[in-house]
There are 2 protein chains.
Amino acid sequence: MVYKGLIEKYRENLPVSDKTPVISLHEGNTPLIPARNLPDKLGFNGEIYLKFEGMNPTGSFKDRGMTMAVSKAVEDGSKAVICASTGNTSASAAAYAARAGIKCIVLIPEGKIALGKLSQAVMHGAEVLEIDGNFDEALNLVKELSSKYPLTLVNSINPFRIEGQKTAAYEICENLEQSPDYQFMPVGNAGNITAYWKGYKEYNKAEPGKYALPKMMGFQAAGSAPIVEGHPIAKPETIATAIRIGNPASWKTAEEARDESGGVIDKVTDEEILEAHRIVAATEGVFCEPASASSIAGLIKYIKQGYFKNANTVKIACILTGHGLKDPDTAVANAVKPKKVKAEIKDIINIIGF
Amino acid sequence: MVYKGLIEKYRENLPVSDKTPVISLHEGNTPLIPARNLPDKLGFNGEIYLKFEGMNPTGSFKDRGMTMAVSKAVEDGSKAVICASTGNTSASAAAYAARAGIKCIVLIPEGKIALGKLSQAVMHGAEVLEIDGNFDEALNLVKELSSKYPLTLVNSINPFRIEGQKTAAYEICENLEQSPDYQFMPVGNAGNITAYWKGYKEYNKAEPGKYALPKMMGFQAAGSAPIVEGHPIAKPETIATAIRIGNPASWKTAEEARDESGGVIDKVTDEEILEAHRIVAATEGVFCEPASASSIAGLIKYIKQGYFKNANTVKIACILTGHGLKDPDTAVANAVKPKKVKAEIKDIINIIGF
């Protein structure tokens with residue numbers, strides 16, 4: 001069977017019918033890449049798997065939810081979708097709306113949107129409005145706009161988004177032929193941890209003996225950690241722009257995922273995120289966006305704390321939510337610069353040292 | 001069966017053995033997305049399929065060849081790989097070398113490398129040298145360096161690259177359950193048209209009744225069209241940096257693919273490329289890099305010329321070789337800019353017009 005996107009694959013587990021027009025870019029079916037060098041590098045003797053959601057069509061996990069949200073919007077006769085976004089949601093909404101042939105309006109916070117993501121929204125023909133406020137203010141505006149005008153809201157408070165996103169948990173279970181013991185992941189607006197937990201619970205309910213429930217380990221950026229601090233953050237700050245969110249829409253369900261699973265929601269600093277970002281690219285060949293690396297940063301933090309007992313029997317899934325190409329500026333700013341050299345063999349050999 | 005990369009899937013058709021250490025990032029298995037709106041938009045009544053190679057792990061088709069080249073390099077005991085690159089090859093070589101735990105040295109031409117690609121090479125820990133010359137000069141240098149020093153050359157003159165890349169043709173055949181009638185694709189260093197043709201010929205040989213040979217339709221950028229002009233171009237120029245190559249390494253085999261298939265190698269202007277780049281993003285939700293859009297630009301050109309007789313029975317595969325996120329600067333420079341607006345409902349409604 002040729003893979004044709006997650007709605008076709010998981011139709012029976014999703015709120016779709018034969019009447020739903022499937023708007024798909026063949027999202028999902030992303031690889032669960034076994035880490036080859038990371039365990040040694042981190043002094044950890046369990047197994048680490050990288051769920052590389054950057055291999056979705058627009059380069060982030062948002063496509064999973066968006067194929068559902070836009071398909072359902074079209075089914076309901078909607079002619080336009082709207083969202084607030086730190087970048088990935090707008091890229092995905094714009095792409096699926098383009099494919100559906102409907103309008104897309106996106107509100108982005110001033111200044112702090114990564115270049116790759118901005119290029120996507122504009123190329124896919126969305127109406128992109130940069131507001132003089134942060135993500136949380138943008139989200140409040142689109143909620144109000146979609147309640148007053150014929151615009152379908154496609155942020156993760158749209159319940160179809162969560163339904164699409166839960167399929168990533170299904171894929172991990174199928175790939176491992178069991179659940180992971182722990183899942184490490186970024187937490188921003190908190191829709192994704194909510195979605196994974198829903199997916200794991202569904203597989204557990206269907207086959208409890210095969211699919212135990214993993215502990216959900218979510219990580220916020222230290223400057224943008226409302227759930228960890230226990231209150232909204234008025235001015236969230238972090239280089240991990242995708243999770244620069246001070247008042248998560250799915251706050252409560254994220255806490256439920258944490259508490260029901262016996263996991264944690266904790267924070268990592270920007271320095272820890274950038275270090276993890278570099279390590280996973282340089283040791284595994286997997287280039288994720290900075291926010292994604294908060295999962296790896298969290299894992300490093302917990303390994304160092306001695307959190308894992310009997311680690312050799314442990315399977316860990318780390319969710320890498322977006323591709324590194326989403327934010328090339330942050331990568332280049334934090335990496336060794338290319339060296340300029342004359343086009344001569346001897347000059348090159350002098351540098352590379354043979 | 002969980003997909004684990006193209007070497008595992010096509011092991012029997014590739015020069016690998018049980019002794020080959022498989023260095024994989026689960027490349028390949030990219031979608032063949034049926035165009036939903038493009039035929040109407042272009043006034044064409046055949047079927048158009050987009051082979052979106054941007055969904056490979058490093059965002060381009062180069063990963064197909066690199067999993068082979070790096071696996072074989074490691075099998076042969078190599079401790080370092082080297083390549084010349086306009087960007088995509090270096091990103092891929094750096095990623096696979098990182099995963100293999102060996103060194104990677106890349107020579108890039110001065111100035112004209114897209115930001116995304118540069119960010120990849122540096123993040124994956126390659127030694128990146130920017131030479132004061134163009135791609136063709138860089139290629140000559142790495143050929144000489146690899147002949148004199150213990151460095152494995154991983155440009156497409158490495159025959160394992162072509163072997164890996166031919167699997168994209170297999171996938172198209174399997175996906176359509178037949179061959180396409182025409183394949184439109186970019187031509188730069190010309191290794192990819194060589195590889196696809198090899199793949200199609202292999203499937204044709206195995207099952208000639210099922211897999212007829214498609215016509216290979218290759219497109220160079222007008223300012224960088226040596227095969228079309230019939231002589232090397234000393235100073236190739238084009239915004240499509242991935243195909244800014246004046247003296248293709250696989251020139252002869254590209255001409256063979258053209259002539260054996262009854263196809264063409266033609267050129268498209270930068271303006272035609274940028275227009276096609278915008279059209280495919282805005283009508284299908286598929287964002288490719290500018291060089292990739294030369295396939296769509298070529299298709300548009302040939303539709304306008306009335307090239308297709310009985311188009312309603314025609315199936316066309318367009319190869320989109322890399323992700324648009326590879327070159328966000330070109331996209332942003334050529335797209336409508338976001339509008340700045342106050343965080344007020346009435347200001348937003350004034351712009352979006354409800």
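Residues numbered from 1 in each chain as written. Chains lettered and ligands numbered in written order. Predicted model: local features only at pLDDT ≥ 70, side-chain atom pairs only at ≥ 80, totals over all residues. Heavy atoms only, no water.

An unreviewed UniProt entry lists chain A under the name Threonine synthase, with Endomicrobium trichonymphae given as the organism. One UniProt comment on chain A, placed under Catalytic activity (unreviewed entry), says "O-phospho-L-homoserine + H2O = L-threonine + phosphate". In UniProt, chain A has this text filed under Pathway (unreviewed entry): "Amino-acid biosynthesis; L-threonine biosynthesis; L-threonine from L-aspartate: step 5/5." (UniProt positions renumbered as here; feature names shortened; annotations may be inferred.)

Draft legend 1. Region of interest: the overall build of chain A. Along its length, chain A carries 15 helices and 11 strands. Taken over the C-alpha atoms alone, chain A extends approximately 65 × 55 × 45 Å along its principal axes. Looking at the 354 residues of chain A, the share that counts as buried comes to 66%. A fraction of 71% describes how many contacts in chain A between residues 6 or more apart in sequence connect residues 24 or more apart. Of the roughly 12,100 Å² of accessible surface on chain A, 49% is carried by carbon and sulfur atoms. Of the side chains in chain A, 40 bear a positive and 41 a negative charge, and the two mean positions are spaced by 2 Å. (Helix = DSSP H or I, 4+ residues; strand = E, 2+ residues; numbered from the N terminus. Buried < 20%, exposed > 50% of the residue type's maximum accessible area, 1.4 Å probe, protein only. Contact = heavy atoms within 4.5 Å. Areas by Shrake-Rupley, 256 points an atom, 1.4 Å probe, with all protein chains shown as cover. Lys, Arg positive; Asp, Glu negative; His and termini not counted. Charge placed at Lys NZ, Arg CZ, Asp CG, Glu CD.)

Draft legend 2. Quick look at the pairing of strand 8 (residues 215-221) of chain B. Residues and elements named next belong to chain B. For strand 8, a buried count of six out of seven residues is recorded, marking the element as mostly surrounded by other parts of the structure. Where strand 7 (residues 182-186) and strand 8 come together, five bridges link them in parallel fashion. Residue pairing for strand 8: Pro186 is matched across the bridge by Phe219. Since strand 7 and strand 8 lie parallel, the crossover through helix 9 (residues 191-206) that links them has a hand, and here it is right-handed. Summarising the sheet, strand 8 and strand 9 (residues 264-268) pair through five bridges and their orientation is parallel. Looking across to strand 9, one finds that Met217 is bridged to Val264. (Pairing = 2+ DSSP bridges. Right-handed = clockwise from strand over helix to strand, strands pointing away.)

Draft legend 3. Fine view of the packing of aromatic side chains. All names here are of chain B. On inspection of all chains with the given rule, the structure shows 26 aromatic pairs over all chains. Judged by centre distance (5.0 Å) and plane angle (70 degrees), the ring pair of Tyr10 and Tyr170 falls under edge-to-face. Remark: Tyr170 occurs in helix 8 (residues 167-176) and Tyr10 occurs in the loop between helix 1 (6-9) and strand 1 (32-34); sequence separation between them is 160 residues. Comparing Tyr10 with Tyr170 shows no difference in burial state: the two are buried. Look at Tyr203 and Tyr211: their rings are 5.1 Å apart centre to centre, the planes differ by 55 degrees, and that puts the pair in the tilted class. For the pair formed by Tyr203 and Tyr211, the shared burial category is buried. (Phe/Tyr/Trp six-rings, centres within 6.5 Å; stacked < 30°, edge-to-face > 60°.)

Draft legend 4. Representation of the domain arrangement of chain A. Residue and element names in this part refer to chain A. For chain A, the assigned domains are domain 1 (6-59 + 159-334) and domain 2 (61-153). Once you take the C-alpha centre of each, domain 1 and domain 2 turn out to be 22 Å apart. Taken together, the 49 residues of domain 1 in the interface contact 33 residues of domain 2. Note on domain 1 versus domain 2: buried area summed over both sides is about 3,400 Å², and carbon and sulfur give 56% of it. Our enumeration of links across domain 1 and domain 2 arrives at three salt bridges. The residue Lys117 makes a salt bridge to Glu289 at a minimum N-O spacing of 2.6 Å. Applying the counting rule to domain 1 against domain 2 returns 23 residue pairs in polar contact (both at pLDDT 80 or more). (Domains from an automatic or database assignment. Buried area = accessible area lost by both parts, 1.4 Å probe. Salt bridge = Lys/Arg side-chain N within 4 Å of Asp/Glu carboxyl O. Polar contact = N/O pair within 3.5 Å; in protein donor to acceptor, adjacent residues only side chain to side chain.)

Draft legend 5. Geometry of the relation of the copies chain B and chain A. The operation relating chain B to chain A is a screw motion whose rotation component is 180 degrees, with 0.0 Å of axial translation and a residual RMSD of 0.0 Å. Those values place the two copies in the arrangement expected of a two-fold rotation axis. Take the interface residues of chain B: 100% of them recur as interface residues in chain A, which is what a same-surface contact looks like. (Least-squares fit on C-alpha atoms with pLDDT ≥ 70 in both.)

Draft legend 6. Layout of the sheet that holds strand 5 (residues 127-131) of chain B. Across the sheet, five strands lie side by side as 11(A)-5(B)-4(B)-3(B)-6(B); this open sheet has parallel pairing. Looking at which strands have only one partner, the edges of the open sheet turn out to be strand 11 (339-341) of chain A together with strand 6 (152-153) of chain B. With respect to the sheet, helix 15 (residues 345-352) of chain A is in contact with strand 11 of chain A together with strand 4 (103-109) and strand 5 of chain B, its orientation differing from that of strand 5 of chain B by roughly 155 degrees. (Axes fitted to C-alpha atoms, helices over the stretch in contact; angles between N-to-C directions.)

Draft legend 7. Fine view of the UniProt feature "domain: Rhodanese" (unreviewed entry) in chain A. The UniProt entry lists residues 81-147 of chain A under the feature "domain: Rhodanese" (unreviewed entry), expressed in the numbering used here. Secondary structure content for residues 81-147 of chain A is 52% helix and 24% strand, while the C-alpha to C-alpha distance between its ends is 12 Å.

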